[in-house]
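Coordinate analysis (summary)
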Amino acid sequence: MSEFLQNPVTQFPKVSPPEQDQPEPGLDVKTDPVPDIGLDSYRGRERLVGRKALVTGGDSGIGAAVAIAYAREGADVAIAYLPAEEEDARRVVAAIEEAGRHAVALPGDLLDRSYRESVVDTAAERLGGLDILVNNAGKQLISESLEELTDEQVEQTFQINILSMFTLSRAALRHMRPGSAIVNTTSVQAYEPNPMILDYAATKAAINNFTKGLAQQVGERGIRVNAVAPGPVWTVLQVSDGQPKDKLPVFGHNTPLGRAGQPAEMAPAYVFLASAESSYVTGDTLNANGGTPTP
Ligand code: NAD
Ligand code: MG
């Protein structure tokens, strides 16, 4: 094969993770195999020079890969995450600083109203402005039946996955000037709900809709709003009861590319949607799911 070609089937390893468990939210550094957040591979090309970004759930998985990519593209980056995730967060902060950018760590719980209402302003204050918000924090817990699924869990999933997007995006708009961008993390679950994650899948459909609606509202202000819809991506979310344990070894094997994605493969989509390269793209969802057909 030409040295210039990379086969997407083998470009990243096909993982068959052993059955394992971590209590929610779990840590990347304790996940087997450790998710690839692009530490050794992501190369920046000055696509976000001088930008200032807040990435929620930026300690691990997809958010961590995005935070590292943004920093290597020239942005200063604040990450929001749960206090229990400090060990993962420290790894990302170090990578942002190694890229020569300013890193801001903002531990807190999006279920806590005062944190939710202040985290964007704190990020903007400590970064000296804000022009990218990545709403990426998410909760995914399986339950066999609707009878087993408690209202408490449904409310928490909705609060973390979608309701917080209203609060954080509203706060971000106060800081955003023309050229700014909001990027939301949705999922292939928005179109193909797995019956074991009814609450989660419903929030992801709502995120697509919210993205399209808000994009129309703020278009004239020169602010774009888009979403990325990952398919199965190997992260600790799956280990901390995001999947049944016996499904972990075959996670993502049923996609057309035959393997799960890695967080590092998601980051370029978030870079594109935050950068001026996507100037005429707004209200859209970029699917990065290994080939599963979407509407
Ligand atoms: P992850 O566990 O690494 O990231 C999720 C993050 O959400 C956590 O790191 C945590 O910081 C944050 N979070 C959870 N509860 C929170 C709370 N109460 N307060 C503040 N932050 C909280 O897993 P990931 O797979 O990288 O997930 C990132 C996003 O990607 C989520 O929105 C998830 O729904 C979405 N997604 C993941 C997949 C996948 O297969 N991994 C597929 C589609 C979409
Ligand atoms: Mg985490």
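Just above sits the structure.
Residues numbered from 1 in each chain as written. Chains lettered and ligands numbered in written order. Predicted model: local features only at pLDDT ≥ 70, side-chain atom pairs only at ≥ 80, totals over all residues. Heavy atoms only, no water.

Structural notes on the pattern of salt bridges
Quick note on the threshold: A side-chain nitrogen of Lys or Arg and a carboxyl oxygen of Asp or Glu constitute a salt bridge if their distance falls within 4 Å. Counting from the N terminus, the helices are the DSSP runs of H or I reaching at least four residues and the strands are the DSSP runs of E reaching at least two. Note on classification: 1.4 Å probe, protein chains only; a residue is buried when its accessible area is under 20% of the maximum for its type, exposed when over 50%, partly exposed between these limits.
The final tally for this structure, using the stated rule, is 12 salt bridges. Here aspartate 131 and arginine 51 are joined by a salt bridge, their closest N and O atoms 2.7 Å apart. Residue aspartate 131 is located in the loop between helix H3 (113-127) and strand E4 (132-135), and its partner arginine 51 is located in the segment before strand E1 (52-56); the two are separated by 80 residues in the primary sequence. Owing to a relative accessible area of 15%, aspartate 131 belongs among the buried residues under this scheme. Here arginine 174 makes a salt bridge to aspartate 121, at a shortest N to O gap of 3.1 Å. One end of the pair, arginine 174, is in the loop between helix H4 (151-173) and strand E5 (181-185); the other, aspartate 121, is in helix H3, and 53 residues separate them in sequence. Each of the salt bridges in this network shares a partner with another, and the network as a whole consists of Asp21, Asp241 and Lys245.

Considering the site of ligand 1
Convention followed: Throughout, near means a residue has at least one heavy atom within 4 Å of the molecule or strand. Between N or O atoms, a polar contact is any pair within 3.5 Å; within protein, one atom must be a potential hydrogen donor and the other a potential acceptor, and residues adjacent in sequence are included only when both atoms are from side chains. Areas reported as accessible are Shrake-Rupley estimates using a 1.4 Å probe. Residue values count occlusion only from the protein chains shown. Ten residues, namely Ala, Val, Leu, Ile, Met, Phe, Trp, Tyr, Cys and Pro, are considered nonpolar, four, namely Asp, Glu, Lys and Arg, are considered charged, and the remaining ones, Gly among them, are considered polar.
Among the 29 residues in the neighbourhood of ligand 1, the closest are listed as Asp59, Ser60, Glu85, Tyr200 and Thr235. The side chain of lysine 204 places a nitrogen or oxygen atom 3.0 Å from an oxygen atom of ligand 1. In the model, an oxygen atom of ligand 1 is placed 2.9 Å from a nitrogen or oxygen of the glutamine 238 side chain. Protein contact buries 96% of the 810 Å² of open area that ligand 1 shows by itself. Listing elements by their share of the shell around ligand 1, those giving two or more residues are helix H1 (61-72), helix H5 (198-218) and helix H6 (236-242). Here the shell around ligand 1 takes three residues from H6, the largest share from any one element. A class-by-class count of the residues in the shell around ligand 1 yields 13 nonpolar, 12 polar and four charged.

Focus: the coordination of the magnesium ion (ligand 2)
Rules: Coordination here is defined by N, O and S atoms within 2.8 Å of the metal (3.2 Å for Na, K and Ca), and since water is not considered, a site can look incomplete.
Only Asp59 (OD), Ser60 (OG) and Glu85 (OE) from the protein reach the magnesium ion (ligand 2) as donors, at distances of 2.0 to 2.2 Å. Coordination of the magnesium ion (ligand 2) draws on donor residues from a single chain, spaced D-S-x24-E in sequence. There is no split in this pair, since aspartate 59 and serine 60 are both buried.

Let's talk about the nonpolar core
Rule in force here: The term nonpolar core refers to a set of buried residues drawn from Ala, Val, Leu, Ile, Met, Phe, Trp, Tyr and Cys, joined through side-chain atoms within 4.5 Å. Working rule for contacts: check all heavy atoms of both residues, and any pair within 4.5 Å makes them a contact.
If you look at the biggest cluster of nonpolar residues, it comprises 37 residues, and the most contacted ones within it are Tyr70, Val77, Ile79, Ile96, Val134 and Tyr270. Taken together, the elements giving at least two residues each to this core come down to E1, H1, strand E2 (76-81), helix H2 (86-98), E4 and helix H7 (263-274). Take this core: its biggest share by element is nine residues, from H1. Dropping the residues within four chain positions of it, isoleucine 96 is found in contact with Ala67, Ala71, Val77, Ile79, Arg101, His102 and Ala103. Leu106, Ala124, Leu127 and Val225 belong to the second largest nonpolar core, which has 31 residues in total.

Here we look at H4
Cut-off, in case you're wondering: An expected span of 1.5 Å times one less than the residue number is assigned to each helix. For a residue, the bend is simply the angle between two axes, fitted respectively to the seven-residue segment ending there and the seven-residue segment starting there.
With 23 residues, H4 should reach 33 Å at 1.5 Å per residue; the first-to-last C-alpha distance of 31 Å fits that figure. The axis of H4 is deflected most strongly, by about 50°, at glutamine 159.

Description of the packing of aromatic side chains
The condition is simple: Pairing of aromatic side chains here covers Phe, Tyr and the six-membered ring of Trp, requires ring centres within 6.5 Å, and sorts the geometry by plane angle: under 30 degrees stacked, over 60 edge-to-face, intermediate tilted.
With the rule as written, the count across this model stands at two aromatic pairs. Ring geometry for phenylalanine 166 and phenylalanine 210: centres 4.5 Å apart, planes at 40°, overall tilted. Of this pair, phenylalanine 166 sits in helix H4 while phenylalanine 210 sits in helix H5, and the two are 44 residues apart along the sequence. Exposure remark for phenylalanine 166: the relative accessible area of 39% places this residue in the partly exposed category.

Some details on the packing of H4 against H5
Short version of the rule: Fitted lines through C-alpha atoms serve as axes, helices being fitted only where they are in contact, and the angles separating the N-to-C directions of these axes extend from 0 to 180 degrees. For classification, angles of less than 35 degrees are called roughly parallel, those exceeding 145 degrees roughly antiparallel, those between 65 and 115 degrees roughly perpendicular, and all remaining angles oblique. Crossing handedness is read from the near helix: turned anticlockwise from the far helix by less than a right angle, it gives a left-handed crossing, and turned clockwise, a right-handed one.
Relative to each other, H4 and H5 sit at 15°, their axes nearing to 9 Å. Comparing their axes, H5 and H4 come out roughly parallel. For the pair H4 and H5, the crossing hand works out as right-handed. Of the residues in H5, those touching H4 at Gln153, Val154, Thr157, Phe158, Asn161, Ile162, Met165, Phe166, Ser169 and Leu173 are Asp199, Tyr200, Ala202, Thr203, Lys204, Ala206, Ile207, Phe210, Leu214 and Val218. A breakdown of the residues in the contact of H4 with H5 according to their chemical character gives 13 nonpolar, five polar and two charged.

A closer look at H1
Over its 12 residues, H1 extends 17 Å from the first C-alpha to the last, a length consistent with the 16 Å expected when each residue adds 1.5 Å. The element H1 is extensively covered by neighbouring structure, given that 11 of its 12 residues are classed as buried. For H1, the set of buried residues is Gly61, Ile62, Gly63, Ala64, Ala65, Val66, Ala67, Ile68, Ala69, Tyr70 and Ala71. Among the residues trailing H1, glycine 74 stands out with phi positive, at a value near 110°.

A word on the pairing of E1
To keep things clear, this is the line we draw: Two strands are counted as paired when DSSP detects at least two bridges linking them. Crossover handedness is defined here as right-handed if the route from the first strand over the helix to the second strand goes clockwise, with the strands pointing away from the viewer.
Along E1, five of the five residues are buried, which leaves the element largely enclosed by surrounding structure. A two-sided burial pattern is seen for E1, the buried positions comprising Lys52, Leu54 and Thr56 on one face and Ala53 and Val55 on the other. Where E1 meets E2, five bridges bridge the pair, whose relative direction is parallel. Of the residues in E2, the one forming a bridge with valine 55 is isoleucine 79. Remark: the E1/H1/E2 crossover connection has right-handed handedness. Sheet analysis places E1 next to E4, joined by three bridges and oriented parallel. Across the sheet, alanine 53 pairs through a bridge with isoleucine 132, a residue of E4.

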